[in-house]
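Residues per chain are reported as follows:
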Amino acid sequence: MRYRVYVVELSKKVFTENRKFREANPQFNGVLECLYVGMTSKTPQERFIQHRTGYVNKKGHKLSANIVQKYGRYLRPSLYDHINLKSMTRAEALAMEEKLAWDLRRQGYAVWFN
């Protein structure tokens, strides 16, 4: 199975309304955007729709992240398309999700990832 990473731009309201998000991003100065970084076996578009609609799978598990459901605005392919050119295993995608999130934080974005 092929896995991909993706980035969702969040409303900046997340920074003022969500204490955990704010505490995870002490470097954020408000200039750049707030982002969510994730990984999926679906297309980024399909996964974003799942987040926004509060998708629950057949076993009754909610698969959407509350932060994206509430604050997600749109996908930011310019921040992840170059990474998805190479096919990744689940483990590689998980590692890339974390690396991308930390890289974006170092650039000045406020980032949430699992």
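Above this text sits the structure in question.
Keep in mind it's a predicted model, so treat the numbers as computed, not measured. (Residues numbered from 1 in each chain as written. Predicted model: local features only at pLDDT ≥ 70, side-chain atom pairs only at ≥ 80, totals over all residues. Heavy atoms only, no water.)

Student: Tell me about the overall build of the chain, and please be specific about residues and values.
Tutor: Helices and strands together make up the secondary structure of the chain, namely five helices and four strands. Counting from the amino terminus, helix and strand elements in the chain follow one another as β-α-α-β-α-α-β-α-β. Over its C-alpha trace the chain gives a radius of gyration of 14 Å, about what one expects of a compact globule, namely 13 Å for 114 residues. Each principal axis of the C-alpha atoms in the chain carries an extent, and together these give about 40 × 30 × 20 Å. (Helix = DSSP H or I, 4+ residues; strand = E, 2+ residues; numbered from the N terminus. Rg over C-alpha atoms; globule rule 2.2 N^0.38 Å.)

Student: Tell me about the sheet that holds strand β2 (residues 34-40), and name the residues and values.
Tutor: As summarised here, the arrangement of the four strands in space is β3-β1-β2-β4, forming an open sheet in which the pairing is mixed. The sheet terminates laterally at β3 (72-75) and β4 (110-113), the two strands that pair on one side only. Mean inter-strand twist for the sheet, computed between neighbouring axes without regard to direction, equals 35°. Strand direction decides the pairing type here: strand β1 (residues 4-10) and β3, joined by three bridges, are antiparallel. By the bridge assignment for β3, Leu10 is matched with Gly72. In the packing of helix α3 (residues 44-53) onto the sheet, contacts are made with β1, β2 and β3, and the angle to β3 comes to roughly 170°. (Pairing = 2+ DSSP bridges. Axes fitted to C-alpha atoms, helices over the stretch in contact; angles between N-to-C directions. Contact = heavy atoms within 4.5 Å.)

Student: Account for the pattern of salt bridges, with residues named and values stated.
Tutor: Taken as a whole and judged by the stated rule, the model has six salt bridges. Put simply, Lys99 and Asp103 hold a salt bridge, and the shortest N to O gap is 2.7 Å. Placement of both Lys99 and Asp103 in helix α5 (residues 90-106) is noted, with a separation of four residues, approximately one turn of the helix. On the accessibility criterion, Lys99 (46% relative accessible area) is partly exposed. Its relative accessible area of 22% is what places Asp103 among the partly exposed residues. Three or more residues joined by partner-sharing salt bridges are found here, namely Glu9, Glu33, Arg73 and Arg76. (Salt bridge = Lys/Arg side-chain N within 4 Å of Asp/Glu carboxyl O. Buried < 20%, exposed > 50% of the residue type's maximum accessible area, 1.4 Å probe, protein only.)

Student: So, the nonpolar core: which residues are in play, and what are the values?
Tutor: Judged by nonpolar contacts, the single largest core of 33 residues is most densely connected at Leu10, Ile67 and Leu104. Taken together, the elements giving at least two residues each to this core come down to β1, α1 (13-17), β2, α4 (66-71), α5 and β4. (Core = buried A, V, L, I, M, F, W, Y, C linked by side-chain atoms within 4.5 Å.)

Student: Let's hear about the environment of Tyr3: which residues, and what values?
Tutor: Along the chain, Tyr3 turns up in the segment before β1. Given the relative accessible area of 15%, Tyr3 is considered buried. Distance from Tyr3 to Met39, taken between C-alpha atoms, is 6.8 Å for residues 36 residues apart in sequence. Residue contacts for Tyr3: discarding those within four places in its chain leaves Met39, Thr40, Ser41, Met88, Thr89, Arg90 and Ala93.

Student: Explain α3 residue by residue, including any values.
Tutor: Within the sequence span of α3, burial applies to Pro44, Arg47, Phe48, Gln50 and His51. Seen end-on, α3 carries its buried residues on one side only, within an arc spanning 155°. Opposite the buried face of α3, by more than 90 degrees, sit the exposed residues Ile49 and Thr53. Tucked into the core, α3 has its buried residues touching β1, β2, α4 and β3. In the stretch just after α3, Gly54 is the one whose phi turns positive, near 70°. (Arc of directions from axis to C-beta.)

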